[in-house]
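Observations on the model geometry
If you want the building blocks of each chain, they are given just below.
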Amino acid sequence: MADKKIDGGYIMLARRLIESEIFQKPPLYLKVWIYLLARAQHDDYKKLKRGQLSTSIPEIQEAVSWKVGFRTETPSKNQIFRIINWLRNPDEAHDDRNDDRNMIETTKATHSMLITISNYGVYQDSKNYERNANDSMTETTKVLRPKREANNINKNVNNDKNKDSLSFDDGKTEKVNYGALIKYLNEKTGRAFHNTEANRKLIKARLHDGFTKKDFKLVIDYKSTEWKDNKDMQKYLRPNTLFAPSHFDDYLNEAKEYLNHANRTKTTSDGQRAGKTPEEIANKEAEHLKEIERRAQEAKAINEH
């Protein structure tokens, strides 16, 4: 067993990764980062230099998908775009030596994207690491533990004092007032939803995905305009439909697409403002209604098991 080699080679991850900014982001960020590191060339090969890889957004989507029972969950294109943008943004993304370089650089190519891992040669060279002694890791753990305990204590205090306030330890995620956002939803839809734990979890989950307060309001505004006067669809103007992981990103893209067509002739129909016929609007709403009901039945079946 000792003589058997592990296929596929290896990459190096610095222990300080657990102190870095990406470790405080949603888990998908780290999964994408490790995937890029594992795919990068260890040596120059053909047109690729050391630390480079050729990939695409759909390829990354498929690679970092995960299983929930027998169902495969795949992140949206927007989620992957946001993570790639974060990795290459020098104002937000720093490697764990805290220099001013971004974590990746990207270049468009035909049908693909060329990604270069910054400082790849530094982090993938064992000569640049200090000795791997037990006392070193012990000291690192001692430093990290009080810091994390303090963050958890502060977070609990904040939650006890004001459940309307939402704040994350990473200091990057936008603070959102749960109560104010739900009140905004009620004002736009004419409903009377409450600031419950279930509704707060939906909002928090979408914020963890990288969405913002502006995104929530955009979805609420757009869907309220589209569904409020539709007797078949108005019942879906609710948090567990609008803010659901399977719907929110689609609704946001619909809203943005509509804004891009805002200079078209305005009519009394939201769909017609996007250049659609009444028949197309009715067909789309009927299809969407079936899809919502199908997903609701699927979720019910999963919960029953």
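Concerning the overall build of the protein chain
A tally of regular secondary structure across the protein chain gives twelve helices and seven strands. Counted over contacts in the protein chain with a minimum sequence separation of 6, partners at least 24 positions apart contribute 57%. Total accessible area on the protein chain is roughly 19,600 Å²; 49% of this is exposed by carbon and sulfur atoms.

Considering the nonpolar core
Among the nonpolar cores identified, the biggest contains 26 residues, and Ile22, Val32, Trp33, Leu36, Leu87 and Ile117 are the most heavily contacted of them. When residues of this core are traced back to their parent elements, those giving at least two are helix H1 (27-39), helix H2 (57-63), helix H3 (77-88) and strand E5 (112-117). Per-element accounting of this core gives the leading share, eight residues, to H1.

Structural notes on the packing of aromatic side chains
Enumeration according to the criterion identifies seven aromatic pairs in this entry. An angle of 85° between the planes, with centres 5.7 Å apart, marks the rings of Tyr29 and Trp86 as edge-to-face. Here the residue Tyr29 occupies a position in helix H1, and Trp86 occupies one in helix H3, the gap between them amounting to 57 residues. On the basis of an interplanar angle of 80° and a centroid distance of 5.0 Å, the ring pair of Phe216 and Phe243 is categorised as edge-to-face. Pair noted here: Phe216 is in helix H8 (residues 213-227) and Phe243 is in the loop between helix H9 (239-242) and helix H10 (248-260), with a separation of 27 residues, a long-range link. The same class applies to Phe216 as to Phe243, namely buried. Against the face of Phe211 rests Arg82, its NZ or CZ located 4.1 Å from the ring centre.

A short note on the pairing of strand E4 (residues 104-109)
Strand direction decides the pairing type here: E4 and E5, joined by six bridges, are antiparallel. In the strand pairing of E5, Ala109 is matched with Ser112. Where E4 hands over to E5, the hairpin turn is made up of two residues, of which His111 adopts a positive phi near 60°.

Thoughts on the side chain of Glu226
Here Glu226 shows up in helix H8. According to the relative accessible area criterion, Glu226 is buried, its value standing at 15%. Here Lys223 takes part through its side chain, which lies 2.7 Å from a polar atom of the side chain of Glu226.

A few points about the sheet that holds strand E1 (residues 52-55)
Within the open sheet, the three strands sit side by side as E1-E5-E4. Their pairing is antiparallel. Of all the strands in the sheet, just E1 and E4 have a single pairing partner and so form its edges. On average, each strand axis in the sheet is inclined to that of its neighbour by 20°, with strand direction left out of account. Across four bridges, E1 lies against E5 in antiparallel orientation. Looking across to E5, one finds that Leu53 is bridged to Ile115. Taken strand by strand, H3 contacts E4 and E5, and its axis lies near 125° from that of E4.

A few points about H10
Residues that lie three or four places apart on an α-helix share one face, since the helix turns once every 3.6 residues. The first and last C-alpha atoms of H10 sit 18 Å apart over 13 residues, in line with the 18 Å expected at 1.5 Å per residue. For H10, the full list of buried residues reads Phe248, Asp249, Tyr251, Leu252, Glu254, Ala255 and Tyr258.

Overview of the pattern of salt bridges
In total, this model carries seven salt bridges according to the counting rule given. Salt-bridge contacts for Arg39 lead to Glu59; the nearest nitrogen and oxygen are separated by 2.5 Å. One end of the pair, Arg39, is in helix H1; the other, Glu59, is in helix H2, and 20 residues separate them in sequence. A residue is classified by how much of its surface remains accessible, and Arg39, at 30% relative accessible area, is partly exposed. With relative accessibility at 32%, the residue Glu59 sits in the partly exposed group. Linked through salt bridges whose partners overlap, the residues forming this network are Lys223, Glu226 and Glu254.

Let's talk about the packing of H8 against H10
Where H8 meets H10, the axes come as close as 9 Å, and the angle between the chain directions of the two elements is 75°. On the basis of their axis angle, the class for H8 and H10 is roughly perpendicular. Of the residues in H10, those in contact with Asp215, Phe216, Leu218, Val219, Tyr222, Lys223, Glu226 and Trp227 of H8 are Phe248, Tyr251, Leu252, Glu254, Ala255, Lys256, Tyr258 and Leu259. A breakdown of the residues in the contact of H8 with H10 according to their chemical character gives eleven nonpolar, no polar and five charged.

Some remarks on the confidence of the model for the protein chain
Put simply, the protein chain has an average pLDDT of 77, and 69% of its residues get 70 or more. Note that residues 92-100 has pLDDT below 50 and, in this model, 26 contacts with residues that lie over four places away or in other chains. This model gives residues 265-273 a pLDDT under 50, and the stretch forms 17 contacts once residues within four places in sequence are excluded.

Topic: helix H6 (residues 178-189)
With twelve residues, H6 should reach 16 Å at 1.5 Å per residue; the first-to-last C-alpha distance of 17 Å fits that figure. In the segment just after H6, Gly190 is the residue with positive phi, at about 75°.

Calculation notes
Residues numbered from 1 in each chain as written. Predicted model: local features only at pLDDT ≥ 70, side-chain atom pairs only at ≥ 80, totals over all residues. Heavy atoms only, no water. Helix = DSSP H or I, 4+ residues; strand = E, 2+ residues; numbered from the N terminus. Contact = heavy atoms within 4.5 Å. Areas by Shrake-Rupley, 256 points an atom, 1.4 Å probe, with all protein chains shown as cover. Core = buried A, V, L, I, M, F, W, Y, C linked by side-chain atoms within 4.5 Å. Buried < 20%, exposed > 50% of the residue type's maximum accessible area, 1.4 Å probe, protein only. Phe/Tyr/Trp six-rings, centres within 6.5 Å; stacked < 30°, edge-to-face > 60°. Lys NZ or Arg CZ within 6 Å of the ring centre and 35° of its normal. Pairing = 2+ DSSP bridges. Polar contact = N/O pair within 3.5 Å; in protein donor to acceptor, adjacent residues only side chain to side chain. Axes fitted to C-alpha atoms, helices over the stretch in contact; angles between N-to-C directions. Expected span 1.5 Å × (residues − 1). Salt bridge = Lys/Arg side-chain N within 4 Å of Asp/Glu carboxyl O. Parallel < 35°, antiparallel > 145°, perpendicular 65-115°, else oblique. Nonpolar A, V, L, I, M, F, W, Y, C, P; charged D, E, K, R; others polar. pLDDT = per-residue confidence, 0-100.

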